[in-house]
Amino acid sequence: MNSRARVISLSRRVPHRHTLSEDIYAFLIGCSMIVIGLACLHKAGLVTGGVAGIALLVSYFVPVSPGVLFSLINIPFLIFAFKAMGHSFALRTVIVSVSVTVLALGVPDVIGLSYIDPVFAAIFGGTIIGMGILSLARHRAGVGGTGVVTLWLQKKRGINAGRTQLAIDTVILLVSLLALPWRQVLISALSAAALSGVMIVFHRPERYLGH
């Protein structure tokens, strides 16, 4: 087969839908990554972008875990998801939000962090949260929060979700300066950059045939 014929063949390739078991597996991986990333950032006293960053910031002032706050803050965004992204996407996002909360409540029983370097926590935590979000996005789900807005803008307007998220994260970090030392916010910027970087580089729907 010559190169022209190969290009035509690939262009006509029909994507295969993910099976239910594949979706469940991806959800478990994605939610677990998000919870572990949140735990690392929380231990280091950092924040990050998106609803995860808002949940972390609030958790330093109220005796509620970031995972639980994650779901509470998510409620208005989930309502938006039902209206803007369709019931299928919104239902999957609700499942993700509840799963993150349940897993976050169980983390202290299976993982105990006595110390984590803040810079490592920022880069690792942000990256693993980004990979978790990517895993969910590839299976037509989101984590709610600002992610719903960025995915909607990418779907409807063609605006890259990672770049939009980076702009939102900048606002969240600036607000964090009102409550956290500037050094912590500066390190937290690494986390937000790592999270958005994953989405900018890897979340390219046109490259991915499965759905």
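Here, every reference points to the structure presented above.
Residues numbered from 1 in each chain as written. Predicted model: local features only at pLDDT ≥ 70, side-chain atom pairs only at ≥ 80, totals over all residues. Heavy atoms only, no water.

**Examining a nonpolar patch on the surface**
- A cluster of nonpolar side chains, Ile36, Val110, Ile111, Leu113, Phe120 and Phe124, forms an exposed patch at the surface whose accessible area comes to about 510 Å².
- Following the sequence through the fold, Ile111 ends up in the loop between helix 5 (87-110) and helix 6 (118-137). (Patch = residues over 30% accessible without salt bridge, like charges linked within 9 Å, V, L, I, M, F, W, Y side chains within 5 Å. Areas by Shrake-Rupley, 256 points an atom, 1.4 Å probe, with all protein chains shown as cover. Salt bridge = Lys/Arg side-chain N within 4 Å of Asp/Glu carboxyl O. Helix = DSSP H or I, 4+ residues; strand = E, 2+ residues; numbered from the N terminus.)

**A few points about the pattern of salt bridges**
- Under the criterion given, the structure shown has 1 salt bridge.
- For the salt bridge of Arg92 with Asp23, the shortest nitrogen-to-oxygen distance reads 3.4 Å. Placement of Arg92 in helix 5 and of Asp23 in helix 2 (residues 20-43) is noted, with a sequence separation of 69 residues between them.
- Arg92 sits in the buried class, given a relative accessible area of 15%. (Buried < 20%, exposed > 50% of the residue type's maximum accessible area, 1.4 Å probe, protein only.)

**What about the environment of Thr19?**
- Looking at the element boundaries, Thr19 is found in the loop between helix 1 (3-11) and helix 2.
- Given a relative accessible area of 38%, Thr19 falls into the partly exposed group.
- Sequence separation between Thr19 and His139 is 120 residues, and the spatial gap between their C-alpha atoms is 9.9 Å.

**Observations regarding the packing of helix 4 (residues 66-84) against helix 5**
- It is at 9 Å that the axes of helix 4 and helix 5 come closest, and there the two elements cross at 175°. When the axis of helix 4 is compared with that of helix 5, the two are roughly antiparallel. Between helix 4, through Gly67, Val68, Phe70, Ser71, Asn74, Leu78, Ala81 and Phe82, and helix 5, the contact on the second element is made entirely by His87, Phe89, Ala90, Leu91, Thr93, Val94, Ser97, Val98, Val100, Thr101, Ala104 and Leu105.
- Along the lines of polarity and charge, the residues of the contact of helix 4 with helix 5 split into 13 nonpolar, 7 polar and no charged. (Axes fitted to C-alpha atoms, helices over the stretch in contact; angles between N-to-C directions. Parallel < 35°, antiparallel > 145°, perpendicular 65-115°, else oblique. Contact = heavy atoms within 4.5 Å. Nonpolar A, V, L, I, M, F, W, Y, C, P; charged D, E, K, R; others polar.)

**Some details on the nonpolar core**
- Ile34, Val96 and Ile129 are the most contacted members of the largest nonpolar core, which has 38 residues in total.
- When near neighbours in sequence (up to four residues on either side) are disregarded, Ile129 contacts Met33, Ile34, Gly37, Leu38, Leu41 and Leu195.
- Formed by 7 residues, the second largest nonpolar core is a distinct cluster that contains Met85, Ala90, Leu151 and Ala161. (Core = buried A, V, L, I, M, F, W, Y, C linked by side-chain atoms within 4.5 Å.)

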